[in-house]
Amino acid sequence: MAHHHGGTAVKVASGTTRVALVGSPNSGKTTLFNALTGLRAKTGNYPGVTVARFEGSVRTTDGEIVLEDLPGTYSLDAISPDEQIVTQVLDGEDLSVATPDAVLVLLDATTLRRSLGLLAQVLQVGLPTAVVLTFGDELARRQGELDVPALQRALGVRVIPVVAGTRDDLGVLREELARPDSWQAPIVPPPVDSTELREWADSVLDTAGYRLPEADRRTARIDSVLLHPVWGTAVFFVTMFAFFQVIFTLAAPLQDLVQAGFDWLAGVIADNVHGPFGGFLSSALIGGVGSVLVFLPQIVLLFLMIAVLEGSGYLSRAAFLMDRIMARAGLEGRAFVALLSALACAIPGIMATRSLPSARDRIATMMAAPLMTCSARLTVYVLLVGLLVDPSTRFGPVGAQGLVMFCLYLGGALAAMGTAWLFKKFTGRHGPVLPFYMEMPSYRLPRARSVAVAVWDAAKGFLSKVGRIILVVTIVLWLLLNLPARGTSDFRAAGINPDDTTATSSYVLDHSFAADAGRAVEPVFEPLGFDWRINVGVLASLSAREVFVATLGQVAAADNPDSPTTALQQMQTPDGHGGERKLFDAPTTAALLTFFLFALQCMSTIGVMRRETGTWRWPAIAFGYMFALAWTMAFVVHSVVSAVA
Amino acid sequence: MSLVSEILAGRQLPAVEASQADADTSATSLAGLRVGDEAAVTGFAAAAPAATTRRLHDLGFAPGAPISVIRKAPLGDPIVFRVAGYEIALRREQAKLIRVDA
Amino acid sequence: MVALHPEPIAADPRSVRWVTGADVTPFVGPVRHAAPPLEALVENGTVESLCCESDAVVVRLGAGHDWRTTGASVRSTLREALTDPQHWEADSADQWSDDARLEAAAREVIAGPAGDYVRSHGGQVWLESARGGRVEIGFAGTCSHCPAAGFTLQHRIAAAIRERHPGEIQVVAAQLEASRRQRWLTLRRR
């Protein structure tokens, strides 16, 4: 390995020292990265693959360096794409990714024996290395012992103890990070052979006076309840149910506040800016963006809860409890985490499948994830459930709206499981069966900073999505709905009083480009009870589901600019027997809900699927099967509800 | 593939054949233990895929390592083991591959 | 099974202390002949010299060899040789005695981190004698009036000696002879 050390192949930013952060999952790596880089981290992708790359600059006592947070791994003997990246980054001969100047290895003091195995592998690479020792406080609490200076002597590399989050420790670390060139590779790299490695670890731990921490009694006590066959299962379902209740009840007043703010803004603009441009500003821009922004409180709450569940260690327990059930769908407990993330948005859900070592599991989970009820569907559901069920209807203590909502979530989850099972069954029966394993970390109080960063990232992602896709689509749609432009002469020709704004709006909409498109696809959706106005929304929602809400809002505003919701409820459509019916009657609304439950109405999801699988095949299959499923199920629901009503 | 991962992928771990009597009962594997039992790893089933055994090894299931069974999931699978000072869940399928001296 | 790990020696990059833990090295002091596989490395010039400590073997490489390339083979060879203590030869028979081992352990401790601790607090520490399972440690400087001296002796020095030399041993502070104390006080007075 003599030719292998000091391996520096390609440097991305010339002149800047780059240090890579390596550690196993649950070692406090992300917490440390966030503490060191603050919110100055950049996310990107590694070339050729879609493993997320986190990089941030760290202020050291002597200038800035770039810290790269590598994916968490238990071994450099990679079995997943994420782990492969760690190996590639550290390998000086792999030119596809830049090799760092030095490596910072995170060791969890409570799992030191296992962690030394990863450290041994990193030390074999031969880059200048330093060790950060985390959870020393937990080791002490659990009556473990460790002599840090002795450990440093035995390892032959610098060891810096850090109780993540305390300023003093980080000060020492920032000092060390100022001069990674002074870090050393050990004089003799640790052995590879299993027996020799075990002896090396024994010898190092013995010299460092390491006493294994006692089994965490607090964790054991909590687990005896949370993983109890009866109580644990009960707690799991209560937790998940509470999960949904929180995003509906707690978010409502906040949403009302946002809504009120945008209504006020739209009103001010409508009063002061007259003509078509005023209409564009208040209806298209403020109305469109506002009706999506209103869901920000829910997204923040959702990610807040996921971050807390993850940071506390409960998410692993949930995966443990769910593993057997996920196994029914041919998946593993960890896929549950991906599917749970898909509840927020299919995009993080699909990206979370990278933690699954098996390619077959990844594909199956990816195909299933878009069926989980994402927050964008939520915006559609809230609108449609509001039209379908009266808010005052209650079954005992449970509101009917919440119940329908719960059924929609459950339906999405069940459909996802079924899909995963089918895909698992029919995709490549060959290929190695990779092991299932899952660390059960001690229960820890989630770090406020990590939770805040997770929520911030989610909110930022949602907002930039709103800013980019939705704003453009809203503007294009407003144009489609209002073009070709009509003048006073057009209205007179059609026998409409040009001063009657309601009548003129209706005329413009009925003769717009959007209406042409909506009418063109009418035969496809007619059996579901959709008319061309709904079709416009469905077509527009391909860019992102929440656009459906904005579009219907605009369609309704064209009918009755003063009260779009009332307009939606009162919209009429020919019933096919020469009469008129409410457009959003029970069968149509139920069919629409069903359609959105199953259909892949999201270009961003398709894009991310293309990136994750590296081919258009899987996104095409996903879009195709989901459309067929959505249409069929919506048809069934429409027929059943029509028959009952 | 990099040099280090090539070296790591070339690791050989001891394969331990189950004796005839144990072959079906999985009595000498981790899957055969009950909650509270303790044992030491002796090696891996000969039929186990090499990449799987290497990963199990890196997770702490190395020959000689003491293991205790902490709990089983409500339906008996997966199983939480304590190894190398931490807790990890394995499915029966994988636990069967790990031979112990009990 | 021999658990060992290497520790660099700052003053001499060609030497590495292979820490073995207590009671593994066959004797203490310079090695005349090691067991066959290791001796072969000495003969072909890879290894220049070997010296046993109470819990380690110091291996010095020959000129032109570096640890990164030869470390792995030295490790395996050393492991093997240490399981065969009968075939090691010392310069003198004394090196095999328990007293020699105890003395080496005490000297290493005083030269190591435990001794550093005393020196960092302005004290002086030295080995007075080590035989028959009894170690006498001499203290001077700030130690002579430090209330924690007894604690330091037992918890740092004695504990470290016992790690390198397990078994029934007694570690005590030496009773200083009057002349030595006198001389030191005189020095101080000037």
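Residues numbered from 1 in each chain as written. Chains lettered and ligands numbered in written order. Predicted model: local features only at pLDDT ≥ 70, side-chain atom pairs only at ≥ 80, totals over all residues. Heavy atoms only, no water.

> Is there a simple way to think about the overall build of chain B in this case?
Along chain B, the regular secondary structure elements total 3 helices and 5 strands. Listed by position from the N terminus, the elements making up chain B come as α-β-α-β-β-β-α-β. Looking at chain B as a whole, 59% of its 102 residues qualify as buried. Counted over contacts in chain B with a minimum sequence separation of 6, partners at least 24 positions apart contribute 63%. A total accessible area of about 4,100 Å² is found for chain B, and carbon and sulfur atoms account for 51% of it. (Helix = DSSP H or I, 4+ residues; strand = E, 2+ residues; numbered from the N terminus. Buried < 20%, exposed > 50% of the residue type's maximum accessible area, 1.4 Å probe, protein only. Contact = heavy atoms within 4.5 Å. Areas by Shrake-Rupley, 256 points an atom, 1.4 Å probe, with all protein chains shown as cover.)

> Honestly, the overall build of chain C in this entry has me stumped. Any pointers?
Of regular secondary structure, chain C possesses 6 helices and 9 strands. Counting over 190 residues, chain C shows a buried share of 48%. Of the roughly 9,600 Å² of accessible surface on chain C, a fraction of 52% belongs to carbon and sulfur atoms.

> Where do I start with the pairing of strand β1 (residues 5-8) of chain C in this structure?
A regular strand carries its side chains on alternate faces of the sheet. Residue and element names in this part refer to chain C. Pairing of β1 with strand β2 (residues 15-19), which is carried by 4 bridges, proceeds in the antiparallel orientation. Counterpart to P8 in the pairing with β2 is V16. Where β1 folds back onto β2 in an antiparallel hairpin, the turn is made up of 6 residues. (Pairing = 2+ DSSP bridges.)

> Just to check I follow, could you spell out the sheet that holds strand β4 (residues 47-52) of chain C for this structure?
Strands in a sheet are paired, the pairing made by backbone hydrogen bonds, and the direction either parallel or antiparallel. A sheet is described by the order of its strands in space; here 6 strands give the open sequence β1-β2-β5-β4-β3-β6 (chain C), paired in antiparallel fashion. The open sheet has two edge strands with one neighbour each: β1 and β6 (89-90) of chain C.

> Explain the confidence of the model for chain B here, please?
Low pLDDT means the predicted coordinates in that region are not meant to be read closely. Averaged over all residues, the pLDDT of chain B equals 83, while 86% of them reach at least 70. Here helix α1 (residues 3-9) of chain B is the element of chain B with the lowest mean pLDDT, 78, and strand β3 (residues 79-83) of chain B is the one with the highest, 93. (pLDDT = per-residue confidence, 0-100.)

> Explanation requested: the environment of L78 of chain C in the structure shown.
All names here are of chain C. The residue L78 is located in helix α2 (residues 67-82) in this model. Each C-alpha atom of the pair L78 and P37 lies 8.1 Å from the other, and the pair is 41 residues apart in sequence. Beyond its immediate stretch of four places on either side in the chain, L78 contacts L4, W18, L38, V57 and W88.

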